[in-house]
Amino acid sequence: MNRREMLARSAIAAPAALPWFLCSSSRAAQPPVPPAKGDAIKITDVKTFLTAPATIRLVVVKVLTSEPGLYGLGCATFTQRARAVETAVDKYLKPFVIGKNPLNIEDMWQSNFVSSYWRNGPVLGNAISGVDMALWDILGKRASMPVYQLLGGKCRKAVETYRHASGQTFQDVEKAARLLIDQGQRVVRIQVNVPGLATYGAGVKGGAKEDKEANAKPQVWEPRAYARIVPKLFEYIRKQLGDEIELLHDVHELIPPIMAIQLAKDLEQFKLFFLEDPLSPEDIGYFEKIRTQSSTPIAMGELFNNPNEWVGLISKQLIDFIRIHLSQVGGLTMARKVAAMCEFFAVRTAWHGPGDVSPVGHAANVHLDLAVPNFGIQEGRVFTQAEKDVFPGCPELKDGYFWANDKPGLGIDLDENLAAKFPISDDPPFDYRWGNLRKKDGTIVKP
């Protein structure tokens with residue numbers, strides 16, 4: 001046999017000798033692979049619900065799919081601009097997502113984010129979040145797993161919370177704190193009224209009539225009186241409650257940066273669990289100065305909606321707790337990335353969780369809290385009976401912990417008919433105290 005004949009025979013025999021996955025003729029003979037079952041599922045509708053079972057405007061998004069009975073819920077609550085978020089979802093995101101695969105969560109987030117040339121901001125962030133959380137809820141239900149399992153499984157059995165003790169006097173605050181401690185709380189935020197001023201967090205609230213009066217007669221605030229009284233509050237509470245109870249305080253960006261630095265130094269002796277929002281997002285450059293002058297732990301972020309606001313603070317280890325509002329930043333998809341970044345810089349999570357987070361949003365907080373290793377604390381609250389009725393499956397608060405149920409998805413539902421019985425108030429359209437806080441000389445103050 002000459003060389004030419006040998007090569008020819010080798011070429012004929014080669015396909016039979018090769019593995020099937022390298023043989024083109026074998027590939028052609030294989031039956032086509034059917035599409036994955038999930039490829040057929042589509043989004044068929046998106047609905048927005050505005051409800052106020054605890055008198056706070058909530059925005060909840062429901063995403064329906066082509067699979068009968070399969071839908072998801074997400075929180076999109078921006079209570080001061082509820083109607084704007086409703087419009088963003090109904091008029092812009094809804095037509096954009098209908099017909100798409102709800103299981104492609106990351107792709108959906110990215111495409112929703114760039115579906116307008118100008119992006120970021122609380123309205124778009126909450127609209128995206130409403131859809132995003134609903135998609136995670138759908139995925140969990142379809143997989144018959146709680147969302148925390150999809151995020152990697154439990155790192156803890158329950159979620160440690162803190163709650164708010166406030167009052168007009170130091171004694172009022174002490175009494176409120178003792179009540180919370182008796183209920184099992186080990187971490188308490190304390191706030192007190194500043195005499196003669198409209199004080200954030202002191203527990204005084206008004207209704208619609210008072211709102212209209214506030215719009216005509218602004219609230220008065222002076223930062224120096226506040227900065228003097230807060231260390232005295234901590235001195236009193238520490239003497240009464242001792243060192244075992246963990247204490248927090250929320251500045252709420254209400255004082256100038258230089259005063260915030262001094263306050264952090266003044267409070268250092270009282271060993272706070274953290275000092276919350278001592279600066280506004282516009283003043284985050286001052287965090288380097290706070291860090292060099294005080295060891296008081298700092299929590300920041302509930303007003304953030306742009307990664308440029310938190311990336312530097314985390315990577316330079318200028319804060320100790322990240323406080324972002326999950327729906328503000330776009331939902332679970334973004335928040336889990338933030339938590340993962342924080343893990344590598346020893347920053348712990350402390351997601352925003354007040355009354356203007358819907359029970360659906362609280363459920364999302366809890367599922368993420370259970371799954372991230374660098375969890376720190378969760379702002380908690382007691383749900384009213386009306387909230388529990390409208391949102392069956394609310395996280396359970398017991399002995400200072402939030403407990404998630406083990407139902408698939410976020411484990412929470414919405415009674416649409418009952419939600420309709422708690423319509424939001426459009427008169428006034430929001431709490432007029434926002435935007436009407438001023439110094440005695442008339443200068444506007446950030447809220």
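What counts, and where the lines are drawn
Residues numbered from 1 in each chain as written. Predicted model: local features only at pLDDT ≥ 70, side-chain atom pairs only at ≥ 80, totals over all residues. Heavy atoms only, no water. Buried < 20%, exposed > 50% of the residue type's maximum accessible area, 1.4 Å probe, protein only. Helix = DSSP H or I, 4+ residues; strand = E, 2+ residues; numbered from the N terminus. Pairing = 2+ DSSP bridges. Expected span 1.5 Å × (residues − 1). Bend = angle between axes of the 7 residues up to and from the residue. Contact = heavy atoms within 4.5 Å. Axes fitted to C-alpha atoms, helices over the stretch in contact; angles between N-to-C directions. Parallel < 35°, antiparallel > 145°, perpendicular 65-115°, else oblique. Left-handed = near helix turned anticlockwise from the far one by under 90°. Nonpolar A, V, L, I, M, F, W, Y, C, P; charged D, E, K, R; others polar. Salt bridge = Lys/Arg side-chain N within 4 Å of Asp/Glu carboxyl O.

(A) Expanded view of the pairing of strand β3 (residues 71-75). Burial analysis of β3 places five of its five residues in the buried class, the great majority of the element. Residue alternation in β3 divides its side chains into two sets, Tyr71, Leu73 and Cys75 and Gly72 and Gly74, and both sets are buried. Inspection of the sheet shows strand β2 (residues 58-65) paired to β3 by five bridges, in the antiparallel sense. Across the sheet, leucine 64 pairs through a bridge with tyrosine 71, a residue of β3.

(B) Inspection of helix α3 (residues 82-97) at higher detail. Compared with an ideal rise of 1.5 Å per residue, which puts 16 residues at 22 Å, α3 spans 21 Å between its outermost C-alpha atoms and is within 8% of the ideal. For α3, the principal kink sits at valine 89 and spans about 30 degrees. Those residues of α3 that sit buried are Ala82, Val85, Glu86, Ala88, Val89, Leu93 and Val97. Elements in contact with the buried residues of α3: β1 (43-51), β2, α4 (105-113) and α5 (122-143). Positive backbone phi, at 95 degrees, marks glycine 99, one or two positions downstream of α3.

(C) View of the packing of α3 against α5. Here α3 crosses α5 at 60 degrees, and the two axes come no closer than 9 Å. In terms of orientation, α3 and α5 fall into the oblique class. The two elements α3 and α5 meet at a crossing, and its hand is right-handed. Every residue of α5 that contacts α3 at Ala84, Val85, Ala88, Val89 and Leu93 is listed here: Val123, Asn126, Ala127, Ile128 and Val131. A per-class count over the contact of α3 with α5 returns nine nonpolar, one polar and no charged.

(D) Structural view of the pattern of salt bridges. Under the defined criterion, the tally for this structure stands at 20 salt bridges. Lysine 94 serves as the salt-bridge partner of aspartate 45, at 3.2 Å between the closest nitrogen and oxygen. In this pair, aspartate 45 is assigned in strand β1 and lysine 94 in helix α3, connecting sequence segments 49 residues apart. For glutamate 379, the salt bridge is made with arginine 323, and the minimal N-O distance between the two is 3.1 Å. Of this pair, glutamate 379 sits in strand β12 (residues 378-379) while arginine 323 sits in the loop between β10 (321-322) and α13 (326-329), and the two are 56 residues apart along the sequence. For glutamate 379, a relative accessible area of 2% puts it in the buried group. Each of Glu276, Glu302, Arg323 and Glu379 takes part in a single network of salt bridges with overlapping partners.

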